[in-house]
Amino acid sequence: MVEHNGANGSETFRGLPRLGEPAPDFEAITTHGMLRLSDFKGSWLILFSHPADFTPVCTTEFVGFSEINSELNKKGVQLLGLSIDSVYSHIAWTRNIEEKLGVKVPFPVIADINREVAMKYGMIMPGESRTETSRCVFFIDPESKLRAMIYYPLTTGRNMQEIIRVVDALQATDKFQVATPANWKPGEKVIVGAPNTSSMAEQRMKDKSLEVVEWYLSKKAL
Ligand code: BEZ
């Protein structure tokens, strides 16, 4: 991973993690005790960061993540939050969310006060803030490989349905060796790999088992 100094030279910023490579390892203090990446091996993990506890957009997101938690669990996915706040702050904030908004936060939240995990995952965008993590989402598969990333700025709350949709797409890809088209949702047709020889392209145009839009664009129902 590339490392270079920040603009003021006082801090080491690392490059972003890469898709298709092992997710950066970590061991961290959380609201559910010490957790390591290896604790999640064998299930999907969504590691997400928020800028700060007790802030309005983050509070709406924590309600959103809490509301999709059981749906994600049914798909074999665990949620793990993170910010550069203390574990006491996380406990106070999640208790406040339950008391004031009636939503219990069921997932652990990393207290990354020394920024170790944030730096490994490229969660700090100095152009936005040096003291807060941006709104990042990392989709990590059961083999601990990083499969997708979403980065949103401080001011834009994330779309929970899109997070579920990405999980569904990744799991469909793994199960059926297919790709998924724009705006795909479960139940819709998927993309079949394009032929890579002229004769296969000719055959593809005659394949009645597929919806052949063009030789390089074909769909099928799962
Ligand atoms: C918020 O959650 O409302 C927020 C946090 C940091 C910067 C901007 C907004």
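For the structure itself, consult the block above.
Residues numbered from 1 in each chain as written. Predicted model: local features only at pLDDT ≥ 70, side-chain atom pairs only at ≥ 80, totals over all residues. Heavy atoms only, no water.

### Some thoughts on the site of the ligand
Selection criterion: What makes a residue near a molecule or strand is one non-hydrogen atom of that residue sitting within 4 Å of it. Polar contacts, as used here, are pairs of N or O atoms within 3.5 Å; protein pairs need one atom able to donate a hydrogen and one able to accept it. Residues neighboring in sequence count only if both atoms are side-chain atoms. Calculation of accessible area relied on Shrake-Rupley with a 1.4 Å probe; when residues are assessed, cover is drawn exclusively from the protein chains displayed. Each helix is a run of H or I in the DSSP string that is no shorter than four residues. Each strand is a run of E no shorter than two, and both are numbered from the N terminus. Classification convention: Asp, Glu, Lys, Arg as charged; Ala, Val, Leu, Ile, Met, Phe, Trp, Tyr, Cys, Pro as nonpolar; all other residues, Gly among them, as polar.
Neighbouring the ligand are Pro-51, Thr-55, Pro-56, Val-57, Cys-58, Glu-132, Arg-135 and Leu-154. Within the backbone of Pro-56, an N or O atom sits 3.3 Å from an oxygen atom of the ligand. Contact between the ligand and Val-57: an oxygen atom at 2.7 Å from a main-chain N or O atom of the residue. For the ligand, the accessible surface in isolation is 260 Å², of which the surrounding protein chains cover 80%. Take the shell around the ligand: its biggest share by element is three residues, from helix α1 (residues 56–74). Residue composition of the shell around the ligand, grouped by class: five nonpolar, one polar and two charged.

### As for the environment of Trp-93
For clarity, the threshold we go by: Throughout this description, buried means an accessible area under 20% of the type-specific maximum (1.4 Å probe, protein chains only), exposed means over 50%, and partly exposed covers the range between. Contact criterion: two residues are considered in contact whenever any of their non-hydrogen atoms come within 4.5 Å of each other.
The residue Trp-93 is located in helix α2 (residues 87–101) in this model. For Trp-93, a relative accessible area of 1% puts it in the buried group. Counting along the chain gives twelve residues from Trp-93 to Val-105, while the straight-line C-alpha distance between them is 9.8 Å. In this view, Trp-93 contacts His-50, Asp-53, Phe-54, Cys-58, Thr-59 and Phe-62; residues no more than four positions away in its chain are not counted.

### Examining unusual backbone geometry
Positive phi values are uncommon outside glycine, yet Phe-54 reaches one of about 55 degrees. Checked against the element boundaries, Phe-54 lands in the loop between β5 (44–49) and α1. Since its relative accessible area comes to 47%, Phe-54 is described here as partly exposed. One non-glycine residue, Ser-144, lies in positive phi territory at about 65 degrees. Inspection of the secondary structure puts Ser-144 in the loop between β8 (135–140) and β9 (146–152).

### As for the pattern of salt bridges
Note the threshold: The rule for a salt bridge is simple: a side-chain nitrogen of Lys or Arg has to be within 4 Å of a carboxyl oxygen of Asp or Glu.
For the coordinates displayed, the defined rule picks out twelve salt bridges. A salt bridge links Glu-99 to Lys-100; the nearest nitrogen and oxygen atoms lie 3.6 Å apart. For Glu-99, a relative accessible area of 61% puts it in the exposed group. Classification of Lys-100 by relative accessible area gives exposed; the value is 58%. Connected through salt bridges with shared partners, the residues Glu-27, Arg-36 and Asp-39 form a single ionic network.

Honestly, that's just the spatial picture; any functional story needs more than this.
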